[in-house]
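One-letter residues, chain by chain:
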Amino acid sequence: MDTVLVVEDSRPMQRTLQRLFESDGLQVQLASDGVVGLECFRKQIPSIVVLDLKLPRLPGKELCRAFKAHAASVPIVVLSANAEVEDKVLLLELGADDYVTKPFSPKELLARVRRAMRRGRPNPPAPTNAAKEEIAHEVLAFDGVRVDFTSMEASRAGKRLTLTAQEFKLLKFFAGSPNRVISREKLLNEVWGYENYPTTRTVDNHVLRLRQKLEPDPANPQYFLTMHGAGYKFTLGAPAAAPEK
């Protein structure tokens, strides 16, 4: 049975969320503060985390970072009364998969939780122009870089790289659409799950980090190209002439 770890200090909200998730066939673990939440997470990795930001003992933002450092593939849906764009962008950059503002519709929250869980599960391998292993693991390989999307491991020239869950998701989407120009809005919709997000800065920041980790010369990218006025393109062929940085 799929398990939801709810980290929320309000007892009435805990009861509301527990009833909501259990009615949909999910098992629920409850934690009333950040420290207990981290202990529960480490003791038994859940299928998904529903995380309140304002927590005693350990703030929600730090907890989000700790969850992703321990098990990057576990999706996190943040609950907060704060609708500030800056907070949403920061949480997504820390690795959160979705951000729901209180008060919320129970039906919408449940739908977002289910969507995050689906996105967090590996898809069956699909053929692309990138090199793939013939075993169960889905692997992208180019120019000394090796990325295993199934085990969420990456290396460059034999040295291990650390990628966040969102960086793996973004790279996997790029690898599935090589040589295709993809708009920032399309990336937000497909990778982050937002159709109308107020800023595309988080996409730019994630592409920048992929360049820093995977490009031979991040200042002159060969694989993650900016297409002026259109978006980004991931190419494994010959680099385009003078791409915009």
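The sections below set out a description of the structure shown in this document. Here the structure is a predicted model, which means the values were calculated and not measured.

### Digging into the pairing of strand S1 (residues 3-7)
Part 1: Across the 5 residues that make up S1, a large majority, 5, are buried.
Part 2: Across the two faces of S1 the burial is the same, with Thr3, Leu5 and Val7 and Val4 and Val6 all buried.
Part 3: Judged from the 5 bridges that link them, S1 and strand S2 (residues 27-31) form a sheet pairing that is parallel. Among the inter-strand pairings, threonine 3 is bridged to a residue of S2, identified as glutamine 27.
Part 4: On the question of chirality, the crossover connecting S1 to the parallel S2 by way of helix H1 (residues 11-22) is right-handed.
Part 5: Taken together, the 4 bridges between S1 and strand S3 (residues 48-52) define a ladder with parallel strand orientation. Following the sheet pairing, valine 4 is matched in S3 by isoleucine 48.

### Some remarks on the nonpolar core
Part 1: One finds Leu171, Phe174, Leu187 and Phe224 to be the most contacted residues of the largest nonpolar core, which totals 28 residues.
Part 2: When residues of this core are assigned to their parent elements, the largest contribution, 6 residues, is made by helix H6 (residues 165-176).
Part 3: Excluding anything up to four places from it in sequence, phenylalanine 224 contacts Leu171, Phe174, Val207, Leu210, Arg211, Leu214, Glu215, Lys233 and Phe234.
Part 4: In terms of nonpolar packing, the next biggest core, distinct from the first, is built from 20 residues, Ala31, Leu53, Phe67 and Ala96 among them.

### Focus: helix H8 (residues 201-214)
Part 1: For H8, which comprises 14 residues, the first-to-last C-alpha distance of 20 Å matches the rise-based estimate of 20 Å (1.5 Å per residue) to within 8%.
Part 2: For H8, the complete set of buried residues consists of Thr202, Val203, His206, Val207, Leu210, Arg211 and Leu214.

### A short note on the pattern of salt bridges
Part 1: Under the counting rule described, the total for this entry stands at 16 salt bridges.
Part 2: One salt bridge connects aspartate 97 with lysine 169, and the closest N-O pair in it is separated by 2.1 Å. Residue aspartate 97 is found in the loop between helix H4 (85-94) and strand S5 (98-101), and its partner lysine 169 is found in helix H6; the two are separated by 72 residues along the sequence.
Part 3: A cluster of three or more residues bridged by salt bridges with shared partners is formed by Asp98, Glu108, Arg112 and Arg115.

### Digging into the sheet that holds strand S8 (residues 153-156)
Part 1: The strand order across the open sheet formed by 4 strands is S6-S7-S8-S9, and the pairing between neighbours is antiparallel. With partners counted over all chains shown, the strands left at the sheet margins are strand S6 (139-142) and strand S9 (159-161), one partner each. Taken pair by pair, the neighbouring strands of this sheet meet at an average axis angle of 20 degrees, ignoring direction.
Part 2: Across 3 bridges, S8 lies against S9 in antiparallel orientation. What sits directly across from arginine 156, in S9, is lysine 159.
Part 3: Along the sheet, H6 contacts S6, strand S7 (145-148) and S8; its crossing angle with S7, the most-contacted strand, is approximately 105 degrees.

### Brief notes about the packing of aromatic side chains
Part 1: If you walk through the whole model with that rule in mind, you get 6 aromatic pairs.
Part 2: Taking 5.9 Å as the distance between ring centres and 70 degrees as the angle between the ring planes, the aromatic pair formed by phenylalanine 174 and phenylalanine 224 counts as edge-to-face. In this pair, phenylalanine 174 is assigned in helix H6 and phenylalanine 224 in strand S11 (residues 224-227), connecting sequence segments 50 residues apart. Neither residue differs from the other here; phenylalanine 174 and phenylalanine 224 are each classed as buried.
Part 3: For the pair phenylalanine 174 and phenylalanine 234, a centre-to-centre distance of 6.3 Å together with 35 degrees between the ring planes defines the contact as tilted. Pair noted here: phenylalanine 174 is in helix H6 and phenylalanine 234 is in strand S12 (residues 231-234), with a separation of 60 residues, a long-range link.

Conventions used here
- Residues numbered from 1 in each chain as written.
- Predicted model: local features only at pLDDT ≥ 70, side-chain atom pairs only at ≥ 80, totals over all residues.
- Heavy atoms only, no water.
- Buried < 20%, exposed > 50% of the residue type's maximum accessible area, 1.4 Å probe, protein only.
- Helix = DSSP H or I, 4+ residues; strand = E, 2+ residues; numbered from the N terminus.
- Pairing = 2+ DSSP bridges.
- Right-handed = clockwise from strand over helix to strand, strands pointing away.
- Core = buried A, V, L, I, M, F, W, Y, C linked by side-chain atoms within 4.5 Å.
- Contact = heavy atoms within 4.5 Å.
- Expected span 1.5 Å × (residues − 1).
- Salt bridge = Lys/Arg side-chain N within 4 Å of Asp/Glu carboxyl O.
- Axes fitted to C-alpha atoms, helices over the stretch in contact; angles between N-to-C directions.
- Phe/Tyr/Trp six-rings, centres within 6.5 Å; stacked < 30°, edge-to-face > 60°.

None of this, on its own, says anything about what the molecule does.
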